[in-house]
2 protein chains.
Amino acid sequence: MSVTAARGFVAAGGAVGIKADGSSDVAIVATADGRAVPAAGVFTENRASAAPVRVSREHLGKSAGRAAAVVCTSGNANAATGPAGIRAAEELCALVASGVRAAPHEVLVCQTGLIGIPFPFEVLGKVGAVVRARAPGEDAARAAAEAIMTTDTVRKEALAHVELDGSRCTVGGMAKGAAMLAPHMATMLAVLTTDAEVAPPTLHALLRDAVDASFNRVTVDGCTSTNDTVLLLASGEAGPMPADRLGAAVAEVCRSLAAQMVADAEGATKVARVVVTGAASDAEAHAAARKVATSLLVKCSLNGADPYWGRVVSELGAAGVAFELDRTSVSYGGIVVCEHGVAALHDTEAVASHMAGRAVEISCSLGIGSGEGAVLATDLGHGYIDENRTTS
Amino acid sequence: MSVTAARGFVAAGGAVGIKADGSSDVAIVATADGRAVPAAGVFTENRASAAPVRVSREHLGKSAGRAAAVVCTSGNANAATGPAGIRAAEELCALVASGVRAAPHEVLVCQTGLIGIPFPFEVLGKVGAVVRARAPGEDAARAAAEAIMTTDTVRKEALAHVELDGSRCTVGGMAKGAAMLAPHMATMLAVLTTDAEVAPPTLHALLRDAVDASFNRVTVDGCTSTNDTVLLLASGEAGPMPADRLGAAVAEVCRSLAAQMVADAEGATKVARVVVTGAASDAEAHAAARKVATSLLVKCSLNGADPYWGRVVSELGAAGVAFELDRTSVSYGGIVVCEHGVAALHDTEAVASHMAGRAVEISCSLGIGSGEGAVLATDLGHGYIDENRTTS
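Residues numbered from 1 in each chain as written. Chains lettered and ligands numbered in written order. Predicted model: local features only at pLDDT ≥ 70, side-chain atom pairs only at ≥ 80, totals over all residues.

## Observations concerning the interface of chain B and chain A
As a reminder, the rule being used: Here contacts are defined at the residue level, using C-beta atoms placed from the backbone and a cut-off of 7 Å between them. A run of DSSP states H or I qualifies as a helix once it reaches four residues; a run of E qualifies as a strand once it reaches two. Both are numbered from the N-terminal end. Residues are grouped as follows: Ala, Val, Leu, Ile, Met, Phe, Trp, Tyr, Cys and Pro are nonpolar; Asp, Glu, Lys and Arg are charged; all remaining types, including Gly, are polar.
At the junction of the two partners, chain B supplies 49 residues and chain A supplies 49 residues. Of all the elements in the fold, those that place two or more residues in the side of chain B that touches chain A are α8 (296-303), α9 (309-317), β15 (342-343) and α11 (382-388) of chain B. Among the residues making up the side of chain B that touches chain A, the classes are represented as 22 nonpolar, 22 polar and 5 charged.

Structure follows, in structure tokens:
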């Protein structure tokens, strides 16, 4: 159960022929009754943003933060496709709007796939059948979550509940994304629903905070995509809920989806959690952790299970944050390998054993202040290159 | 001929046992008569700078921009080695100073190799023999250039002359570097000499400009090293030369050395020149070119000879510079593949043939202003990972 777990939502997934292999490529998430409900979106900061990003942003503005449905397609990013791409995204919205009996600007659109390939208008005729197939329940949610996958190897779904004074609200979500995960998101789409009753501005603020604490704290290859989108619709059927409690549940769902994306990262063999403490501020800790997490040399070391902390220290020194080598220490899996900026005697077998595992923890203490931050990263191996060296 | 080509310089290279395989690991460049001459240095901006960087900076300050010799060692970076590392670098300078009859602070030091390994003090006893072996001429320059190599597969040397009104001055240089090439240099050392007569402040200014136009315009993996150093000594024996003419020759030598480093980059199969025109400013053009050049996905595409321009456009949009997709065009080897932000009809066989070569040209026009910039980059393939996944 994910996007249909919260009361008031239905979903569907199906194949319309965008993907050449005939697999599922359109997902619909809609309110059960076609009513437009409070909705919020966080989008890529890439200035080459794709047509669906531009159209969804405009629709959210025109509807003052309300939506009745979301349509997602996979297999073509509809990015760098010019005015024809905008028309394709608008037509998708119009088709879905007519199916759920809403206005076109009450439908949001997400697309993912290759950039620069004209969108195949001929598939639009088959979208209506997917819209008509929408239904409540687990099977519908699963079909939608599968329809947004591209190079993902597993479906990504998450669920959280908030209970307060006997009332209960639900937050559910689905996502796709296996590469280009980076600061400010990356080719990743996520659609969340909740049955909490919440006004659009509050919904937007809590979604932005949740994205910042989750999708913006993971990295695979440091690339920021043209299509990143996270959407959240709130049916209101469970009644009001304090914004902080709801926000925590939304963040929990986002963190789970983000972790699932890193775990499924293209060609990765390891997931490393890079933690920085003792920085001048949380922002500097996060910047330093990201610098280590995106370093090609650190990622190569992770791939080789090599505890070469010199590369970690070098990246910390190059991160543009307050740094003094002789105050710096580095640990792998809790075992200190560098202290006061020089090699520390340590149990090399224990470190080797930690590095050999799939989950690696690199902790860096800067000894400057009390700022803390963490970033989830992957290693860099042959698999990533093999998956990305050609698109054909 | 490189560092001994300019009148007044001698050099030497030899093995003292820093490298376990017994190959050459110490280089000396000195004035023929032991006299301290105007000298300038540009160093890494990494805050985890290595002991030799700290010692050389201090020596240049104490000598007010003069030096009699440079000692370079390879096989141990002497970085993250604490106070003992500073002592080792100082002792190296003192040993060389005693050999050439200069003051210790008139000797500069460069070191390259692994980070965080204590420097082997026991090798210091053998440095004197290398200093005594210093000599003029091509063989000595070659021995020095070979002694600074680490993962380099070829020696890097360059030479330029300035002729003016019948007088002639020479600029020669040697360098090492095959990975971690990045903004603000990276594990790369370069030592240049000239026989022009020039005051220390002028020498420093023209070296900084030359470095900015050369070493700072190449990238292999985006990592900034702890040890980067470029040094220039001027014997004055050829008499005065206008600063702009001398600066152009120094820049020419630096550009040649930088190009040699990219061509020898660890595990690379291609060198790509990423050119950006039509940016709001030269600085924005350079930032955009660097964003494309350091993109893992673009580098993977280069490795696979895949002309997937969507990734180029996406990186331009994420570069943080003024950008409008519908004004953007992209060419490979002069063949336009994207125009006004959408796919352009083109000769796909001609593009495929260009991408299959070792030298690839990616030109991006932003259509915003008249800013221009270019960065040399390498592809990312299995070789880079194989060379960097373990240090043992």
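## Side note on helix α1 (residues 51-62) of chain A
Residue and element names in this part refer to chain A. We apply this condition: Helices are assigned an expected span. That span is 1.5 Å times one less than the residue count. Buried means a residue has 20 or more other C-beta atoms within 10 Å of its own C-beta, exposed means 12 or fewer, and partly exposed covers the counts in between; C-beta atoms are placed from the backbone.
Taking 1.5 Å as the rise per residue, α1 with 12 residues should run 16 Å; its terminal C-alpha atoms sit 16 Å apart, in good agreement. Looking at α1, one finds that the buried residues are Ala 51, Pro 52, Val 53, Val 55, Ser 56, His 59 and Leu 60. Residue Ala 64 follows α1 closely and has a positive phi angle near 55°.

## Observations concerning the domain arrangement of chain A
Convention followed: An automatic or database domain assignment provides the domain bounds reported here.
Here chain A is described as being made up of domain 1 (9-263) and domain 2 (271-388). For domain 1 of chain A versus domain 2 of chain A, the distance between C-alpha centres works out to 33 Å.

## Considering the nonpolar core
Let me state the cut-off plainly: For our purposes the nonpolar core covers buried Ala, Val, Leu, Ile, Met, Phe, Trp, Tyr and Cys residues that link as a set through C-beta atoms within 7 Å.
Membership of the largest hydrophobic core comes to 284 residues, with the highest contact counts inside it found for Ile28(A), Ala144(A), Ile28(B) and Ala144(B). Here Ala144(B) is in contact with Val3(B), Ala11(B), Ala12(B), Gly13(B), Ala27(B), Ile28(B), Val29(B) and Met174(B), once residues within four sequence places are set aside.

## Concerning the relation of the copies chain B and chain A
To keep things clear, this is the line we draw: Here the copies were fitted onto each other by least squares, based on C-alpha atoms from residues at pLDDT of at least 70 in both.
After a rotation of 180° and a shift along the axis of 0.0 Å, chain B superposes on chain A with an RMSD of 0.0 Å. Expressed as an axis order, the relation between the two copies is that of a two-fold axis. Residue His382(B) of chain B places its C-alpha closer to the rotation axis than any other residue of that unit, at 2.8 Å. A shared binding surface is used by both copies, with 100% of the interface residues of chain B retained as interface residues in chain A.

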